[in-house]
Amino acid sequence: MSKQIGVLHGVVTVLAAAAFVATWSSGFIIAAIATVDVSPLTLLVWRFVPLAVVLLALVLVTGAGRGVAGAVLRRQAAVGLFAQFGYCASVYAAIAAGVATGTTALIDAVQPLVVAILVGPLLGLRVRGIQWAGLVVGAAGVLLVVRSQLDGSGAPPAAYLLPALAMACLIVGTFIQRRSASAPGVLLTLTVHVGVAAIVLVVIAASTGTLLPPASASFWLAAVLAAVFPTLSAYGLYWWLLRRVGITALNALLFLVAPATAGAGAVLFGEPLTGVTLAGFVLCGAGVAAVLLGDARAQGSAGGDWDRSRHPPAHPRRAGHRGGPCHRPPPSAEPAAACDERGRAGEPRRRVLPSGVDRSSPLSGRSTPPQCGSGGPGRSPPHGALSRARP
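Residues numbered from 1 in each chain as written. Predicted model: local features only at pLDDT ≥ 70, side-chain atom pairs only at ≥ 80, totals over all residues. Heavy atoms only, no water.

- In the nomenclature of an unreviewed UniProt entry, the protein chain corresponds to Drug/metabolite transporter (DMT)-like permease from the organism Microbacterium resistens.
- Checking UniProt for the protein chain, the heading Subcellular location (unreviewed entry) contains the comment "Membrane". (UniProt positions renumbered as here; feature names shortened; annotations may be inferred.)

## Some details on the overall build of the protein chain
Reasoning step 1: Across its full length, the protein chain holds 13 helices and zero strands.
Reasoning step 2: The helix and strand sequence of the protein chain, counted from the amino end, reads α-α-α-α-α-α-α-α-α-α-α-α-α.
Reasoning step 3: Looking at the protein chain as a whole, 41% of its 391 residues qualify as buried.
Reasoning step 4: Across the protein chain, the fraction of contacts at a sequence separation of at least 24, relative to all contacts at a separation of at least 6, is 84%.
Reasoning step 5: Accessible surface, the protein chain as shown: approximately 19900 Å² in total, 67% of it carbon and sulfur. (Helix = DSSP H or I, 4+ residues; strand = E, 2+ residues; numbered from the N terminus. Buried < 20%, exposed > 50% of the residue type's maximum accessible area, 1.4 Å probe, protein only. Contact = heavy atoms within 4.5 Å. Areas by Shrake-Rupley, 256 points an atom, 1.4 Å probe, with all protein chains shown as cover.)

## Observations regarding the side chain of Thr231
Reasoning step 1: Note on placement: Thr231 falls in helix α9 (residues 217–245).
Reasoning step 2: A distance of 2.5 Å separates the side chain of Thr231 from the side chain of Arg47, its partner in a polar contact.
Reasoning step 3: From its side chain, Thr231 meets the backbone oxygen of Ala226 in a polar contact 2.9 Å long.
Reasoning step 4: Those residues in contact with Thr231, other than ones at most four positions away along the chain, are Arg47, Phe48, Leu51, Gln84, Leu190, Val194, Ala226 and Gly236. (Polar contact = N/O pair within 3.5 Å; in protein donor to acceptor, adjacent residues only side chain to side chain.)

## Quick look at helix α3 (residues 70–96)
Reasoning step 1: Helix length check: α3, at 27 residues, gives a terminal C-alpha distance of 37 Å against a target of 39 Å (1.5 Å per residue), a fit within 8%.
Reasoning step 2: The axis of α3 is deflected most strongly, by about 30°, at Gly80.
Reasoning step 3: Just downstream of α3, Gly98 is the residue with a positive phi angle, here 110°. (Expected span 1.5 Å × (residues − 1). Bend = angle between axes of the 7 residues up to and from the residue.)

## What to know about the side chain of Gln76
Reasoning step 1: Tracing the sequence through the fold places Gln76 in helix α3.
Reasoning step 2: On the basis of relative accessibility, which here comes to 0%, the residue Gln76 falls in the buried class.

## Describing the nonpolar core
The nonpolar side chains of soluble globular proteins are, as a tendency, buried together.
Reasoning step 1: Formed by 72 residues in total, the largest nonpolar core has its most connected members in Phe20, Trp24, Phe28, Phe48, Tyr87 and Leu250.
Reasoning step 2: Setting aside its immediate chain neighbours within four residues, Phe20 contacts Ala234, Leu237, Tyr238, Leu241, Leu250, Leu253 and Leu254. (Core = buried A, V, L, I, M, F, W, Y, C linked by side-chain atoms within 4.5 Å.)

## Observations regarding empty space enclosed by the protein
Using a probe with the size of a water molecule, rolled over the atoms, empty space left in the structure can be pinpointed.
Reasoning step 1: Enumeration over the complete set of coordinates arrives at three cavities of 30 Å³ or more.
Reasoning step 2: Its boundaries defined by the atoms lining it, the second largest cavity holds a volume of some 110 Å³.
Reasoning step 3: The wall of the second largest cavity is formed by Trp24, Gly27, Phe28, Arg47, Tyr87, Cys88, Val91, Tyr92, Pro230, Ala234 and Tyr235.
Reasoning step 4: Classifying every residue of the lining of the second largest cavity by side-chain character gives nine nonpolar, one polar and one charged. (1 Å grid on protein atoms, 1.4 Å probe; cavity = no way out; pocket = protein on both sides within 12 Å on 5 of 7 lines; lining within 4 Å. Points joined across faces, edges and corners; volume = space filled by probe spheres on them. Nonpolar A, V, L, I, M, F, W, Y, C, P; charged D, E, K, R; others polar.)

## Quick look at the packing of aromatic side chains
Reasoning step 1: On inspection of all chains with the given rule, the structure shows seven aromatic pairs.
Reasoning step 2: Judged by centre distance (5.2 Å) and plane angle (40°), the ring pair of Trp24 and Tyr235 falls under tilted. With Trp24 in helix α1 (residues 2–34) and Tyr235 in helix α9, this residue pair connects regions lying 211 residues apart in the sequence.
Reasoning step 3: In this structure Tyr235 comes out as buried when scored by relative accessible area, which is 1%.
Reasoning step 4: Both rings, one in Trp24 and one in Tyr238, keep their centres 5.5 Å apart while their planes meet at 35°; by these two values the pair is tilted. With Trp24 in helix α1 and Tyr238 in helix α9, this residue pair connects regions lying 214 residues apart in the sequence. (Phe/Tyr/Trp six-rings, centres within 6.5 Å; stacked < 30°, edge-to-face > 60°.)

## Notes on the state of the cysteines
Reasoning step 1: Under the definition given, this model contains zero disulfides.
Reasoning step 2: No disulfide involves Cys88; its sulfur sits 10.0 Å from the nearest other cysteine sulfur, which is in Cys169.
Reasoning step 3: Taking the relative accessible area as the measure of exposure, Cys169 reaches 12% and is therefore buried. (Disulfide = S-S within 2.5 Å.)

## Some points on helix α7 (residues 161–178)
Reasoning step 1: Taking 1.5 Å of rise per residue, 18 residues should cover 26 Å, and α7 covers 26 Å from first to last C-alpha, within 8% of that figure.
Reasoning step 2: If you check which residues of α7 are buried, you get Pro163, Ala166, Met167, Cys169, Leu170, Ile171, Gly173, Thr174, Phe175, Gln177 and Arg178.

## What to know about the confidence of the model for the protein chain
Reasoning step 1: Of all residues in the protein chain, 70% attain a pLDDT of 70 or more, and the chain-wide mean is 75.
Reasoning step 2: Within the protein chain, no element has a lower average pLDDT than helix α13 (residues 385–389), which sits at 37, and none a higher one than helix α2 (residues 40–62), at 95.
Reasoning step 3: For residues 302–347, every residue scores under 50 in pLDDT, and the model assigns this stretch 44 contacts once sequence neighbours within four places are set aside.
Reasoning step 4: Below a pLDDT of 50 lies the segment residues 350–391, which in the model reaches 46 contacts outside its immediate sequence neighbourhood of four places, other chains included. (pLDDT = per-residue confidence, 0-100.)

## Side note on the environment of Ala78
Reasoning step 1: As for its placement among the helices and strands, Ala78 is situated in helix α3.
Reasoning step 2: Residue classification places Ala78 among the partly exposed residues on the basis of a relative accessible area of 27%.
Reasoning step 3: Measuring from C-alpha to C-alpha, the distance between Ala78 and Val192 comes to 9.4 Å, with 114 residues separating the pair along the chain.

## What to know about the packing of α3 against α7
Reasoning step 1: Relative to each other, α3 and α7 sit at 165°, their axes nearing to 8 Å. It follows from the interaxial angle that α3 and α7 lie roughly antiparallel. Relative to α7, α3 is oriented so that their crossing is left-handed. Contacts between α3 and α7 involve Arg75, Gln76, Ala78, Val79, Phe82, Ala83, Gly86, Tyr87, Ser90, Val91, Ala93 and Ala94 from the first element and Leu162, Pro163, Leu165, Ala166, Cys169, Leu170, Val172, Gly173, Ile176 and Gln177 from the second.
Reasoning step 2: Grouping the amino acids of the contact of α3 with α7 by side-chain chemistry returns 16 nonpolar, five polar and one charged. (Axes fitted to C-alpha atoms, helices over the stretch in contact; angles between N-to-C directions. Parallel < 35°, antiparallel > 145°, perpendicular 65-115°, else oblique. Left-handed = near helix turned anticlockwise from the far one by under 90°.)

## Observations concerning the packing of α2 against helix α8 (residues 186–208)
Reasoning step 1: Following both chains from N to C, one finds α2 and α8 inclined at 145°, their axes separated by 8 Å at the closest point. In the packing of α2 onto α8, the handedness of the crossing is left-handed.
Reasoning step 2: Per-class residue counts for the contact of α2 with α8 are 21 nonpolar, four polar and no charged.

Next up, the structure:
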């Protein structure tokens with residue numbers, strides 16, 4: 001049975017990873033189609049605002065936010081500011097400026113290299129040698145694909161900084177999320193992220209005169225698709241996979257987003273897809289395989305680089321415990337003399353607990369009275385105490 005559960009666990013993870021790549025890639029394609037005649041800010045506003053209302057209603061109905069501390073919500077708001085607003089606004093601005101969809105995705109695909117460099121000092125994790133090799137091979141594939149697409153792009157050079165800014169925003173949001181001591185469920189996480197992005201976008205769009213949407217049906221179709229696939233599905237899978245497979249393996253999957261987006265861009269928009277591009281795709285796939293293999297070995301071993309933030313210890317410490325031996329509170333036991341006096345007076349022997357519950361009461365549910373001299377509640381009597389206590 002355990003083997004079947006393990007196989008099912010792996011199949012679900014693989015399917016979720018494939019869905020993540022497809023839905024994340026769709027965000028670049030939808031942005032390229034929908035921002036031809038409409039401002040990117042307008043599309044983003046109506047991508048996030050209706051979805052924020054729906055998610056907030058779900059949270060209120062299900063009670064997903066009940067009992068969550070304010071500090072946790074504030075930290076998630078910071079994550080949403082970077083991972084939702086910062087990332088999406090930068091990507092949409094880059095595509096609207098003329099940067100090809102595949103090139104935008106490929107620049108973002110450099111993120112795993114940056115994460116691999118920062119994962120040690122920021123999270124205290126060790127990246128294995130095979131993972132470093134996979135990241136280098138994947139980066140080489142990204143460079144090949146980018147080089148094959150640069151000649152056909154008419155965007156100004158400064159526009160290529162926007163995908164890099166999007167990558168930086170997503171990295172910051174990811175590390176804030178991973179450094180959190182506790183994280184709410186995926187529904188509440190998405191609600192906070194989308195809500196924060198919606199508020200910021202409404203303020204910016206209102207100040208720039210791009211708040212009102214057009215009346216065309218194609219715009220609303222694009223807004224619905226952008227809300228369902230790259231926002232609800234892709235980001236939900238992103239945070240779910242982050243907890244499931246770890247930060248290095250998840251960011252390695254972004255290597256697959258790049259060739260998937262470039263392939264779709266070649267079919268839909270005529271973006272260049274040459275032999276060099278295909279060679280880059282192969283290198284990207286090899287890099288992803290190497291990184292995932294290294295992550296699987298890390299989780300399957302007892303090494304120190306295993307991400308223990310996703311696997312708490314078997315015996316967690318009590319709240320407020322700061323290390324060292326765990327001391328019990330002093331026992332609340334009656335003096336032996338008082339117990340002897342009650343015994344001579346014919347009273348039943350009893351132990352007074354800190355809560356004042358009388359163990360001799362028939363409501364206590366216990367039939368065996370405690371022995372005097374046992375050293376307090378819940379402790380065994382010293383050796384020989386039973387024989388000495390008997391008359």
